[in-house]
Amino acid sequence: MGWADYLDTHQSRFVEELCEFIRIPSVSAKPENAGDVRDAGQWVVDRLVSAGMENVQLMDTAGHPVVCADWLRAGPDAPTILIYGHFDVQPAEPFELWTSPPFEPTIRGDRIYGRGATDDKGAMLIPILAAEALLAETGKLPVNVRFFFEGQEEIGSPDLPPFIEANLDRLQADMIFSADGSQWDTETPQLVLGLKGLTSLEITVQGAKSDLHSGLHGGGVANPAMALAQLLASMKSPDGRITIDGFYDDVVDLTDEDREAIAKVPWDEAAYLAQTGAPSTLGEPGFTTRENLWARPTLEVNGLTSGWQGQGTKTVLPAVASAKITCRLVANQNPEAVFDLIAAHVDAHCPPGVTAEVARNPGRADPFLVPAGHNATAVAGQVLEEVYGKAPYKTRVGGSIPVMSTLLDELGLHAVMFAFGHEDENQHAPDEFFRLPTFRRGQTAYARLMERLGE
Ligand SMILES: [Zn+2]
């Protein structure tokens, strides 16, 4: 027998175990479920122990606990990999929209339904099962393995950075693989190479000390709403290019190779327009829509407030106007530096007759870009190609995944998303499910990954 047979033979037990794991309502956002999050962590501890892992430990943070484990007997010449995932889940409300109750896992067809089925309980169980199979069949693992599972991903991992900083010795590795994430679709694997960062701010333009009568004072003093509109218009040209001095200076340009890789991913502009309902696309000139979505920075007005917002007319000359703005950033832009550039722009371009202030809003993230030639990514790509019979798409994400930048900051490693969910599996929504064939395929992929890395 080999590990593949072991996985086949034990598959129904693994599915039973996944059901058991899903039954624990480890909702990190709800204080009343804190005990359940801990129970889920303890379940992971027990499961790692029964898989043959060592130094398995439920460890406290200022909030929900984390689980660390390792198996480090592959020797000093073998690489050490760190596998990340999370055992907490999103709240399941509204319960009435679920076909079967969220914490009573139910199999319908080849899918298992329940909160956390794909995000991330099913997906994080996969590498544990692969390690168990390898260990059971060969008595060893081809690489040194560390597991690091957290219980607060769904609330933004607030206590993770200090935990990592204080426990670097338990997390030292040559490569990180994240068991949280997704493949492109059931037929096509993907390697996620980039994530956008974020900076958030608010511009407040002040004119008179209070709202004024537009007949008595219009033409006498400046209108902050108009001044704000002029200020905003000075930040972006109508063709979509951001016109803030220095905004693009730190952007890593797309290489020809990057652009070819992005062009290989199917894109249907008409379908995109139908999906969004917008009359046409608009992004930075010189780039395709997908390049703009994935690999170019943006500046968006998220909200505008000034003057009379009620029905009908009020002849008011507002005292204040404000705009909430976020920029999605790409490597190597820095959220604080971009904020400073915008503040300097507002200073330099503030129209006469008003004052303007720029303040930070909550929400910041560093951009993330896997460097070219990144070894772990290359090996992951080969394994995905073997398992799917198709080369992975090289994709990027317009949003941010804070834990990826935390791992990069604290451990200096670009994590590779090697995870087997799919975006249509109702993550964070009612009727979340995981595909059982993918659950099995992911186990093969992780076993092969470890073998390949140990060669
Ligand atoms: Zn997740």
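Remember, predicted model here, so these are calculated numbers, not experimental data.

1. Topic: the coordination of the zinc ion
Only His 86 (NE2), Asp 119 (OD), Asp 180 (OD) and Asp 180 (OD) from the protein coordinate the zinc ion, and they sit 1.9 to 2.6 Å from it. Each of the 4 donor atoms bound to the zinc ion contributes to angles spanning 51 to 148 degrees, and the resulting shape is irregular. In primary sequence terms, the donor set of the zinc ion follows H-x32-D-x60-D. Linking His 86 in strand S3 (residues 80–86) with Asp 119 in helix H4 (residues 117–138), this pair joins segments that are 33 residues apart in sequence. As far as the burial class goes, His 86 and Asp 119 line up, both buried.

2. Side note on the pattern of salt bridges
The final tally for this structure, using the stated rule, is 25 salt bridges. Close ionic contact of Arg 396 with Asp 258 constitutes a salt bridge, the shortest N to O distance being 3.8 Å. Placement of the pair is Arg 396 in strand S17 (residues 393–397) and Asp 258 in helix H9 (residues 256–263), with a sequence separation of 138 residues. On the basis of relative accessibility, which here comes to 14%, the residue Arg 396 falls in the buried class. Here the residues in one salt-bridge network are Arg 13, Glu 17, Arg 47 and Glu 132, joined through shared partners.

3. A look at the sheet that holds strand S6 (residues 144–150)
Reading across the sheet, the 6 strands line up as S1-S2-S6-S3-S7-S18 and stay open at both edges, with mixed pairing between neighbours. The two strands at the open ends of the sheet, each matched to only one other strand, are strand S1 (54–59) and strand S18 (416–417). In the sheet, S1 pairs with strand S2 (residues 66–71) via 4 bridges, with the strands oriented antiparallel. Bridging across to S2, Met 59 finds its partner in Val 66. Contacting strand S7 (175–178) and S18, helix H13 (residues 375–388) crosses the sheet at an angle of about 45 degrees to S7. Across the sheet, helix H15 (residues 436–454) touches S3, S6 and S7, and the angle it forms with S7 is around 170 degrees.

4. Structural notes on unusual backbone geometry
Backbone torsion omega between Asp 119 and Asp 120 reads 5 degrees, so that peptide bond is classified as cis. In this fold, Asp 120 is placed in helix H4. In this structure, Asn 332 follows Ala 331 across a cis peptide bond, with omega equal to -5 degrees. Take Asn 332: it is sitting in the loop between strand S14 (320–329) and helix H12 (335–349). Positive phi is not limited to glycine here, since Asn 55 has a value of about 50 degrees. Counting through the fold element by element, Asn 55 comes out in strand S1. Backbone geometry places Asp 431, a non-glycine residue, at a positive phi of 60 degrees. Its location among the elements puts Asp 431 in the loop between strand S19 (421–422) and strand S20 (433–435). Overall, Asp 431 belongs to the buried group, its relative accessible area being 16%.

5. Quick word on the packing of aromatic side chains
Applying the stated criterion across every chain, the model contains 14 aromatic pairs. The interplanar angle of 85 degrees and the centroid separation of 5.5 Å between the aromatic rings of Trp 184 and Tyr 393 together place this pair among those described as edge-to-face. Of this pair, Trp 184 sits in the loop between strand S8 (182–183) and strand S9 (190–195) while Tyr 393 sits in strand S17, and the two are 209 residues apart along the sequence. By relative accessible area, Trp 184 is classed as partly exposed at 29%. Tyr 393 gets classed as buried once you look at its relative accessible area, which sits at 14%. With 4.9 Å between their ring centres and 85 degrees between their planes, Phe 418 and Tyr 446 make a pair best called edge-to-face. Here the residue Phe 418 occupies a position in the loop between S18 and S19, and Tyr 446 occupies one in helix H15, the gap between them amounting to 28 residues. Tyr 446 sits in the buried class, given a relative accessible area of 0%. By the ring-pair criterion, three or more aromatic residues cluster together here, those being Phe 177, Phe 418, Phe 420 and Tyr 446. A cation sits over an aromatic face here: Arg 108 above Tyr 113, 3.9 Å from the ring centre. Taking NZ or CZ as reference, Arg 360 lies 4.1 Å from the ring centre of Phe 339, over its face.

6. What about the domain arrangement of the protein?
Accessible area lost on assembly of the parts is the figure often given for the size of an interface. Along its sequence, the protein is carved into domain 1 (3–194 + 367–454) and domain 2 (197–251 + 297–364). Each of domain 1 and domain 2 was reduced to a C-alpha centroid, and the two centroids are 42 Å apart. With 5 residues of domain 1 at the interface, the matching set in domain 2 holds 6 residues. Summing the contributions of domain 1 and of domain 2, the shared interface buries around 420 Å²; its carbon and sulfur component is 66%.

7. Looking at H4
Compared with the 32 Å implied by 1.5 Å per residue over 22 residues, the 30 Å span of H4 between its first and last C-alpha is a close match. Within H4, 19 of the 22 residues are buried, which leaves the element mostly enclosed by the surrounding structure.

8. What to know about the side chain of His 422
Residue position: His 422 is located in strand S19. Side-chain polar atoms of His 422 contact the backbone oxygen of Asp 185, separated by 3.5 Å. The residues touching His 422, leaving out its near neighbours within four places in the chain, are Thr 118, Ser 182, Gln 183, Asp 185, Thr 186, Gln 427, Arg 435 and Thr 438.

9. Focus: the sheet that holds strand S15 (residues 355–365)
Backbone-to-backbone hydrogen bonds join strands into a sheet, with any given pair of strands oriented parallel or antiparallel. One open sheet accounts for 4 strands, arranged S12-S14-S10-S15; its pairing is antiparallel. Every interior strand has two partners, whereas the edge strands, strand S12 (298–306) and S15, have only one. Each adjacent strand pair in this sheet contributes to an overall mean axis angle of 20 degrees, direction not counted. Here strand S10 (residues 197–206) runs beside S15; their pairing, made up of 8 bridges, is antiparallel. Looking across to S15, one finds that Glu 202 is bridged to Ala 359. Along the sheet, H12 contacts S10, S12, S14 and S15; its crossing angle with S15, the most-contacted strand, is approximately 165 degrees.

Conventions we followed
- Residues numbered from 1 in each chain as written.
- Predicted model: local features only at pLDDT ≥ 70, side-chain atom pairs only at ≥ 80, totals over all residues.
- Heavy atoms only, no water.
- Donors = N, O, S within 2.8 Å, 3.2 Å for Na, K, Ca; no water.
- Tetrahedral: all angles 85-135°; square planar, octahedral: opposite > 155°, others 65-115°.
- Helix = DSSP H or I, 4+ residues; strand = E, 2+ residues; numbered from the N terminus.
- Buried < 20%, exposed > 50% of the residue type's maximum accessible area, 1.4 Å probe, protein only.
- Salt bridge = Lys/Arg side-chain N within 4 Å of Asp/Glu carboxyl O.
- Pairing = 2+ DSSP bridges.
- Contact = heavy atoms within 4.5 Å.
- Axes fitted to C-alpha atoms, helices over the stretch in contact; angles between N-to-C directions.
- Phe/Tyr/Trp six-rings, centres within 6.5 Å; stacked < 30°, edge-to-face > 60°.
- Lys NZ or Arg CZ within 6 Å of the ring centre and 35° of its normal.
- Domains from an automatic or database assignment.
- Buried area = accessible area lost by both parts, 1.4 Å probe.
- Expected span 1.5 Å × (residues − 1).
- Polar contact = N/O pair within 3.5 Å; in protein donor to acceptor, adjacent residues only side chain to side chain.

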